[in-house]
Structure formats: structure tokens, C-alpha cells
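# Survey of secondary and tertiary structure
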Amino acid sequence: MLKVKAALLVLVCFGCTNTFIFNNQPFSSADAALNAHRQHLKNVEAELKPVETPYGGSAALITPSKRACKALGVTRMGRPDNEIIEYLALYLEQEFSFYFRYLLKSNIFSSVDHFIVDFPRLHINEVYGCYSVIIFLDMKSPSQQAWYMIVPAEETPSQIQMDVMLEGGAPRVQSWIYAIRRALEEVDK
Amino acid sequence: VNETIPLHSVLNLIIFLVLTIILMCITGCFSTVFVDTFSGPGGEEVIGRTEDYRIAWPTIYYTTDKDIAVGVIDRRPYIVNGSNNSSYVGLMRAKYGNPWHVNTETGQPLSHDLTDAIVSGFKSAGINASSVKLSPEMKKQDGINRFPTGKSDRIILVRIVEWQSDTYTNIVFLYDLNAEVYDENGELLAKACMKNTDDPGERQVVFTPVEAAREVLIKVLNEECISKALQ
């Protein structure tokens, strides 16, 4: 009977933990979700085709850091907690950083250097004149993000038009690569 | 084995169960009242809440080749008279409406966090900007004098007259901000004000205080007179 009494006292602990979503799949940790995201980006990279006529020269790719993504790229509607904001900032930083690998795979340039910085537009001044082309992501808000490129011959950056009508992933990134190559042809003219 | 349970043991068990249920009811009611004093309408904790205004980078829709120095003076009456500390940024209310203070996440004065946000906003637009940290008790002229001479082409001095959020079932964000642009000689070139000190939350839709802050900074720093003065 004592055993029965003892068994009556049960403590149930409820814990609230965040769920991290990637590709409509829930993950129990940010690391697991980011790993899945990374694998997805590697798959995109594997599908990309190099350009038929390389441009040569050097390129600097400037993408926003986690800090910049946290400040400018994360929508705070619904008051997400800090853990979710951190995850989304890391997700964006990883997403943009992979364009370095895409650019290498494209074979457009002979060499590519990658800079992850808080202020991409300001960093242009640091590398201006050192590369044939500077490519950077300008992020103003979660809904205002665009890729630009600037060549030393021109002072104002021109937007790289990615075909957003295409399916996301490899087809869209491939359109980004072709857009860069086409823009370089225009520069040479 | 044919074993029977004694009657007194069964009675003991029933008494134990009844006492346990009564105890749970008492402690349950008590803990509900207790918890509701410290949790908001959505069940979130309200004690020790913070806001990180350093990430409220305003989008700047112009550019300039001028070097800009930015400083913020906190002239909120309840900060200047010492009623609240300089990291105070508003209130968050528990279920009964009882308020708890919200402070900056850094623990630093609000004016320092806003200085960081504004400088980051300018840098993000490709503009060379630096910060000058000013203390809350400073008056306007003292603030201007703190900017190192000859180091910047333009000085932006932002004065906070009001700045606090009040979070309950909705968020009310009250602000009164003056931005002034001076040239390298300390001559006033432009002034812009942005104010909302009487809206009980009906006119503005605030998702988060940080987003509301960003919107205010965007409006005041993109005023035509400010952008012209920075050219």
C-alpha cells in the first residue's frame, strides 16, 4: 500500500522549446536546421553549370554579416524571441555566403575573394580599385535586398537582375551567374 | 495467493487523495495569482525585460561623401531629474496591468544605443560616420562642444525629449525626437522634429518597440532638410 501512495506523487515538468523551421521541416535545434540549410545550398551548388566563356580577372564578393542580417534582414512581426532571431540571422548570413561558392563554380573569374562585413556598401571603398569587379548585396530591410556590381571604370553600381520568375534554388542562382556574365560583356563594349 | 486489503488501508488512501487534491487547489489558486503578477497577457515573463535598440538601424535613402559625427543627448525629464536610470526605455505590464520597467539590453544609456543604431544606419548606406557618446545630463551646447573639432564635416545632434514604450495587450510607443545638423564650425544647418506623445495606441500600429524606433529614425533622418544639410 505504501508503494501505491508513493506512486501517486508524480511531478510532470512542461518545457517550452523553440522549433526551427527549414523547408517546412521542423528541427529541434538551430544547428540541425542550419545543417539542413547548408546541405540544401550544397545541392544548389552541385546543380550549377560554369559559364562557357570565362571573363578572367578578379572579383570581390561582399556579403552582410550576421550582425547586419540581424539588424536589417529579420522581420520581427509576431515578436520572435532572441533564439529565433539569431537563427534567422545565421540562416541569412549562410545563404548569402554561399554565393561565394556559386561564383567560384561559375568559373567567370580567375580569382574571387569573399568579405563578410557589417556594412557592405562602406566596404566597397576599402577594396575599390583592387579588383576587376566588386559584387555586393545591398540589404535595406527584409523586403529590400538586391545584388549589385561595380567595375572601376564606372562609379555607380548596377543591379544584377536575378530572374525571380524562375523556381528558387539552382535555376535562380544560374540566372544570377548569367546576369553577371552579360553585364561584363556590356562593360567590355 | 488470495490476499485481501485491510479496510483501514483503503480509508487511509482515500484521505490521502482528498488532502492532496485540496492542497493542489489551494496552491494552484495561489500560484495563479502569483504568476499573473509577473507574466504578461500572453503568458510571457515581464520582469527584467530588455530591448536592443542598437539593431534599429535606420535605412538612409541618400548618400554623401561628407564625414559625419553622431551624438545623442537624452533629455527625457524623468532621466534628467534622476527618477529613472538612463537605460530605462519603457514599461511592460503583467496580466493585472501592473507595470515593470524595461531597460536597454546592453545596460547602457538609451542615448548610447541609439547613437550606435544611427551610426550603423549611415554606414550601411555607405556613409562614413562615427559616434560621440554624450551623457544624459548634458545640455545642447555642451553636447556640441564634445564633438572633436576638424574631424568631421557634419555633426548630427539628436535630442531625446521623450522615448518609451508601454506594452500590454498592444504596444504604445511615445517619442519626441529632435535632429539637428551642424557644420564643422558648429553652425546650425538644419533641424527636424518627430513627435508622438499623446497617442494611446489607436493611430500607430507597433509590432515591436525596436521596429517602431527604426521607423522614427528613418523618418527623421530622411527629412529633406537633413539630407540637404549633409551634402
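Higher on the page you've got the structure.
Remember, predicted model here, so these are calculated numbers, not experimental data.

Here we come to the overall build of chain B. Within chain B, the regular secondary structure consists of six helices and eight strands. Computed over the C-alpha atoms, the radius of gyration of chain B is 26 Å, more than 25% above the 17 Å expected from 2.2 N^0.38 for a compact globule of 231 residues. Its C-alpha atoms give chain B principal-axis dimensions of roughly 100 × 40 × 35 Å. Of all 231 residues assigned to chain B, the portion counted as buried reaches 48%.

Right, let's talk about the pairing of strand β8 (residues 188-196) of chain B for a bit. On a regular strand, one side chain projects to one face of the sheet and the next to the other, so that they alternate. All names here are of chain B. In this structure, strand β7 (residues 171-183) lies alongside β8, joined through eight bridges in antiparallel fashion. Residue pairing for β8: Asn-178 is matched across the bridge by Cys-193. Where β7 hands over to β8, the hairpin turn is made up of four residues, of which Gly-186 adopts a positive phi near 85°.

Tallied over the full model, the rule gives 15 salt bridges over all chains. The shortest N-O distance in the salt bridge between Asp52(B) and Arg54(B) comes to 2.9 Å. Among the residues examined, Asp52(B) registers a relative accessible area of 7% and is labelled buried. Overall, the relative accessible area of 31% leaves Arg54(B) in the partly exposed class. Through salt bridges with shared partners, a single ionic network connects Lys66(A), Lys70(A) and Glu86(A).

Quick look at helix α6 (residues 170-188) of chain A now. All names here are of chain A. Counted at 1.5 Å a residue, the expected span for α6 with its 19 residues is 27 Å, and the 27 Å between its end C-alpha atoms agrees. Along α6, the residues classified as buried are Ala-170, Val-173, Gln-174, Ser-175, Trp-176, Ile-177, Ala-179, Ile-180, Arg-181 and Leu-184. Buried residues along α6 sit in contact with α2 (30-47), α4 (82-106), β5 (133-141) and β6 (144-150).

What follows concerns the side chain of Gln164(B). All names here are of chain B. With respect to the helices, strands and loops of the structure, Gln-164 is situated in strand β6 (residues 154-167). On the basis of relative accessible area, Gln-164 is assigned to the buried category, the value being 17%. Of the polar contacts made by the side chain of Gln-164, one reaches the side chain of Glu-162; its length is 3.4 Å. Look past the residues within four positions of Gln-164 in its chain and what remains in contact with it is Tyr-78, Tyr-88, Val-89, Gly-90, Val-172, Phe-173 and Leu-174.

In terms of nonpolar packing, the biggest core is built from 86 residues, with Phe109(A), Ile135(A), Trp147(A), Trp176(A), Ile180(A), Phe122(B) and Trp163(B) touching the most fellow members. Ranked by residue count, the leading element in this core is α4(A), at eight residues. Setting aside residues no more than four positions away along its own chain, Trp163(B) makes contact with Tyr53(B), Arg76(B), Tyr78(B), Val89(B), Leu110(B), Leu114(B), Phe173(B), Leu174(B), Tyr175(B), Leu177(B) and Ala213(B). Residues Ile124(A), Val127(A), Tyr131(A) and Tyr148(A) belong to the second largest nonpolar core, which totals eleven residues.

A few words now on the side chain of Asn84(B). Residues and elements named next belong to chain B. Its place among the elements puts Asn-84 in the loop between α2 (77-80) and β3 (88-93). Judged by relative accessible area, Asn-84 falls into the buried class, the value being 16%. In contact with Asn-84, not counting residues within four places along its chain, are Tyr-78, Ile-79 and His-101.

The rules behind the values
Residues numbered from 1 in each chain as written. Chains lettered and ligands numbered in written order. Predicted model: local features only at pLDDT ≥ 70, side-chain atom pairs only at ≥ 80, totals over all residues. Heavy atoms only, no water. Helix = DSSP H or I, 4+ residues; strand = E, 2+ residues; numbered from the N terminus. Rg over C-alpha atoms; globule rule 2.2 N^0.38 Å. Buried < 20%, exposed > 50% of the residue type's maximum accessible area, 1.4 Å probe, protein only. Pairing = 2+ DSSP bridges. Salt bridge = Lys/Arg side-chain N within 4 Å of Asp/Glu carboxyl O. Expected span 1.5 Å × (residues − 1). Contact = heavy atoms within 4.5 Å. Polar contact = N/O pair within 3.5 Å; in protein donor to acceptor, adjacent residues only side chain to side chain. Core = buried A, V, L, I, M, F, W, Y, C linked by side-chain atoms within 4.5 Å.

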